[in-house]
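Chain by chain, the residues run as shown.
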Amino acid sequence: MSTQQDTPPGGQGLFRTKTVEQSIRDTEEPEHALKKSLSALDLTVFGVGVIIGTGIFVLTGKVAKETAGPATALAFVAAGVVCALAALCYAEFASTVPVAGSAYTFSYASLGELVAWIIGWDLVLEFALGTAVVAVGWSGYVRSLMDNVHWTMPEALSGPDVAEGFGFDILAFALVLVLTVILVLGMKLSARVTAVVVAIKLTVVMIVIIAGLFFIKADNYSPFIPEAQKQEGGAGLDAPLVQLIFGYEPTDFGVMGIFTAASVVFFAFIGFDVVATAAEETKLPQRDMPRGILGSLLICTVLYVAVSLVVTGMQHYSEMSVSAPLADAFKSVGHPFYAGVISFGAAVGLTTVCMILLLGQTRVFFAMSRDGLLPRFFSITHPRFGTPYRPTILLGVIIAIIAGFTSINELATLVNIGTLFAFVVVALGVIVLRRTRPELHRAFRTPWVPLVPILSVAASVWLMLNLPAETWLRFGIWMAIGVLVYLAYGRRHSRLGRSGPDAKY
């Protein structure tokens with residue numbers, strides 16, 4: 001059986017590939033190696049920690065009231081299926097190429113350097129924007145809890161959305177900085193902090209499900225799939241791209257409304273792919289990466305469906321709150337105490353979402369730097385903690401400033417399109433690598449290739465088409481900037497392009 005351990009990279013142009021063996025050898029260089037400390041349980045906790053966040057606490061009400069009614073549970077199932085198809089592809093790659101960088105590293109081994117750069121550039125935006133958005137949301141929950149005990153922060157320190165003049169969100173800024181320090185100190189510490197917070201978050205979710213069961217009224221489920229209604233709005237940039245291209249008009253409610261809702265609640269699932277960025281820091285990645293990725297996704301899908309069924313059963317979908325549906329559902333049945341517990345759980349839970357998104361971004365940045373596509377200064381790991389401390393500190397400070405000064409809620413859909421784009425690339429990479437390197441040992445194999453990857457691409461593209469054209473425009477601009485940066489710097493400094501796979505720093 002051939003190993004190709006010393007073969008040159010595939011091609012020397014924009015689509016030159018980096019062999020799986022070379023990617024793995026790069027992780028063995030002492031000053032560029034990450035410390036291996038994570039288990040399957042740690043990975044599952046990371047996955048649950050980042051997936052369960054604003055989605056389950058906020059999107060349930062918005063989607064139920066405006067798009068799907070009680071059938072919101074089916075929208076979560078549809079979005080979960082899309083993620084499951086992608087997860088099977090991620091699991092194969094993460095167990096075969098246990099290297100930091102997730103979709104970036106996978107693309108480098110299968111589709112070539114330019115595609116790898118584009119997906120890396122995409123992930124940097126996705127994780128940075130996601131971290132900042134969640135930090136601002138966490139700040140809002142904390143201020144709400146402070147108001148309950150009559151503690152009020154000055155408007156100038158409550159963020160640009162609150163202050164009339166100058167506004168700086170000191171809470172969001174401080175949160176990102178504290179999480180940056182935790183990530184610098186080591187992955188095991190990060191895993192322990194995450195485990196405690198996830199336990200609190202899961203307790204709150206179980207309280208919602210169990211306590212809510214006693215307040216369900218069957219009449220609230222009728223009709224389970226409300227009659228379809230034409231969506232309001234014209235055919236401008238705020239309209240879904242599928243409407244502008246094909247003339248298809250998505251509906252609110254009805255069967256098609258479920259799929260429209262799925263493109264919205266998809267945001268609630270973002271995060272399981274972050275687990276793949278920790279492959280290099282896992283003790284037994286070939287065994288534990290598939291368990292962590294698929295296990296966390298399964299747990300969260302079941303919880304999402306259960307919560308949406310309970311909440312729409314407690315309160316008629318037409319009366320649900322959009323801003324705080326879970327808490328307000330309990331208020332509507334005369335139990336404000338549970339509302340306070342839910343708000344506390346949301347505030348605590350969002351800390352792990354922030355930390356793991358930041359972790360994912362630093363690992364992608366680190367991997368790109370180690371390959372020479374970004375300055376190699378950032379690929380040195382800490383001599384004591386074994387973490388990529390330089391990009392962690394740099395990105396942590398930048399994101400903290402963005403979260404403090406900027407209101408970026410309108411850009412949140414960029415996180416959705418960036419994640420879906422990564423799903424498409426990873427699915428295509430599985431098909432390509434199966435053909436170009438069939439002899440590779442794969443501890444986990446995506447079933448029914450190429451059917452499952454093709455279905456993953458089709459499902460991801462369909463959800464992307466249901467996003468506003470404005471989101472596509474912003475995404476295209478960011479990608480164009482990325483290509484220019486690659487041509488100006490990355491292509492000339494690429495370690496693979498300079499001296500082949502055995503180039504040293």
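What you see is a predicted model; the values in this text were computed from it and never measured.

A. Representation of unusual backbone geometry within the structure. That bond from Ser-222 to Pro-223 is cis: its omega, -5°, falls within 30 degrees of zero. Examined against the element boundaries, Pro-223 turns out to sit in the loop between α8 (187-213) and β1 (229-230). Not every positive phi belongs to a glycine, and Ser-102 is a case in point at roughly 55°. Despite not being glycine, Trp-448 has its phi angle at roughly 55°, a positive value.

B. A look at the side chain of Thr-19. Note on placement: Thr-19 falls in the segment before α1 (20-26). With a relative accessible area of 10%, Thr-19 lands in the buried category. A polar atom in the side chain of Thr-19 sits 3.1 Å from the backbone nitrogen of Gln-22.

C. Quick peek at a nonpolar patch on the surface. Taken together, the side chains of Leu-74, Val-77, Val-81, Phe-224, Ile-225, Val-255, Met-256, Phe-259, Leu-309 and Trp-462 present a nonpolar region at the surface, about 760 Å² in accessible area. Taken together, the elements giving at least two residues each to the nonpolar patch come down to α4 (72-96) and α10 (254-265). Along the chain, the position of Val-255 falls in helix α10. Its relative accessible area of 52% is what places Val-255 among the exposed residues.

D. A look at the environment of Phe-76. You can see Phe-76 is positioned in helix α4. Spatially, the C-alpha atom of Phe-76 lies 7.6 Å from that of Phe-266, the residues being 190 residues apart in sequence. Sequence-distant contacts of Phe-76, that is, excluding residues within four places in its chain, are made with Thr-60, Val-265, Ala-268, Phe-269, Tyr-304, Val-305 and Ser-308.

E. How the structure looks around α4. For α4, with 25 residues, the first-to-last C-alpha span of 36 Å sits near the 36 Å given by 1.5 Å per residue. Of all the 25 residues making up α4, 21 are buried; the element is thus mostly covered by neighbouring parts of the structure.

F. Up close: the packing of α8 against helix α13 (residues 336-370). Across the interface, α8 lies against α13 with an axial gap of 9 Å and an inter-helix angle of 145°. Crossing hand, α8 versus α13: left-handed. Along the lines of polarity and charge, the residues of the contact of α8 with α13 split into 17 nonpolar, six polar and two charged.

G. Fine view of the nonpolar core. Judged by nonpolar contacts, the single largest core of 155 residues is most densely connected at Tyr-90, Tyr-104, Phe-272 and Ile-293. Sort the elements by how many residues they give to this core and helix α6 (residues 113-148) lands first, with 19 residues. If we skip the residues at most four places from it in the chain, Tyr-90 touches Ser-102, Ala-103, Phe-106, Phe-272, Asp-273, Ala-276, Ile-293, Ala-422, Phe-423 and Val-426.

H. Summary view of the pattern of salt bridges. Taken as a whole and assessed by the stated rule, the structure comprises 16 salt bridges. Its salt-bridge partner being Lys-18, residue Asp-26 comes within 2.5 Å of it at the nearest N-O pair. Asp-26 gets classed as buried once you look at its relative accessible area, which sits at 2%. Take Lys-18: its relative accessible area is 7%, and that puts it in the buried class. Glu-470 serves as the salt-bridge partner of Arg-474, at 3.5 Å between the closest nitrogen and oxygen. Taken together, the residues Arg-474 and Glu-470, both in helix α17 (residues 469-493) and four residues apart, mark about one turn of the helix. Residue Glu-470 is classed as partly exposed on the basis of its relative accessible area, which comes to 33%.

I. Broad picture of the packing of aromatic side chains. Throughout the structure, instances matching the rule amount to 21 aromatic pairs. When the ring of Phe-253 is compared with that of Tyr-317, the centres are 5.6 Å apart and the planes differ by 55°; the resulting orientation is tilted. Linking Phe-253 in the loop between β2 (251-252) and α10 with Tyr-317 in the loop between α11 (285-314) and α12 (325-332), this pair joins segments that are 64 residues apart in sequence. Both rings, one in Phe-421 and one in Phe-475, keep their centres 5.6 Å apart while their planes meet at 70°; by these two values the pair is edge-to-face. Residue Phe-421 is located in helix α15 (residues 413-436), and its partner Phe-475 is located in helix α17; the two are separated by 54 residues in the primary sequence. Three or more aromatic residues link up through ring pairs in this structure, and these residues are Tyr-90, Phe-93, Phe-106, Phe-266 and Phe-423. Its end group placed over the ring of Phe-377, Arg-390 keeps NZ or CZ at 4.1 Å from the ring centre.

J. How the structure looks around α10. When the terminal C-alpha atoms of α10 are compared, their 16 Å separation across 12 residues agrees well with the 16 Å that a helix rising 1.5 Å per residue should span. Among the residues making up α10, those that are buried are Gly-254, Gly-257, Ile-258, Thr-260, Ala-261, Ala-262, Ser-263 and Val-265.

K. Structural context of the packing of helix α2 (residues 40-51) against α13. Interhelical geometry of α2 versus α13 gives an angle of 115° and a closest axis separation of 7 Å. Taken together, the axes of α2 and α13 are roughly perpendicular relative to one another. For the pair α2 and α13, the sense of crossing is left-handed. Taken together, the residues of α13 that come into contact with α2 (itself represented by Phe-46, Gly-49 and Val-50) are Gly-349, Thr-352, Val-353, Ile-356, Leu-357 and Leu-359. Broken down by class, the residue content of the contact of α2 with α13 amounts to six nonpolar, three polar and no charged.

Parameters and conventions
Residues numbered from 1 in each chain as written. Predicted model: local features only at pLDDT ≥ 70, side-chain atom pairs only at ≥ 80, totals over all residues. Heavy atoms only, no water. Helix = DSSP H or I, 4+ residues; strand = E, 2+ residues; numbered from the N terminus. Buried < 20%, exposed > 50% of the residue type's maximum accessible area, 1.4 Å probe, protein only. Polar contact = N/O pair within 3.5 Å; in protein donor to acceptor, adjacent residues only side chain to side chain. Patch = residues over 30% accessible without salt bridge, like charges linked within 9 Å, V, L, I, M, F, W, Y side chains within 5 Å. Areas by Shrake-Rupley, 256 points an atom, 1.4 Å probe, with all protein chains shown as cover. Salt bridge = Lys/Arg side-chain N within 4 Å of Asp/Glu carboxyl O. Contact = heavy atoms within 4.5 Å. Expected span 1.5 Å × (residues − 1). Axes fitted to C-alpha atoms, helices over the stretch in contact; angles between N-to-C directions. Left-handed = near helix turned anticlockwise from the far one by under 90°. Nonpolar A, V, L, I, M, F, W, Y, C, P; charged D, E, K, R; others polar. Core = buried A, V, L, I, M, F, W, Y, C linked by side-chain atoms within 4.5 Å. Phe/Tyr/Trp six-rings, centres within 6.5 Å; stacked < 30°, edge-to-face > 60°. Lys NZ or Arg CZ within 6 Å of the ring centre and 35° of its normal. Parallel < 35°, antiparallel > 145°, perpendicular 65-115°, else oblique.

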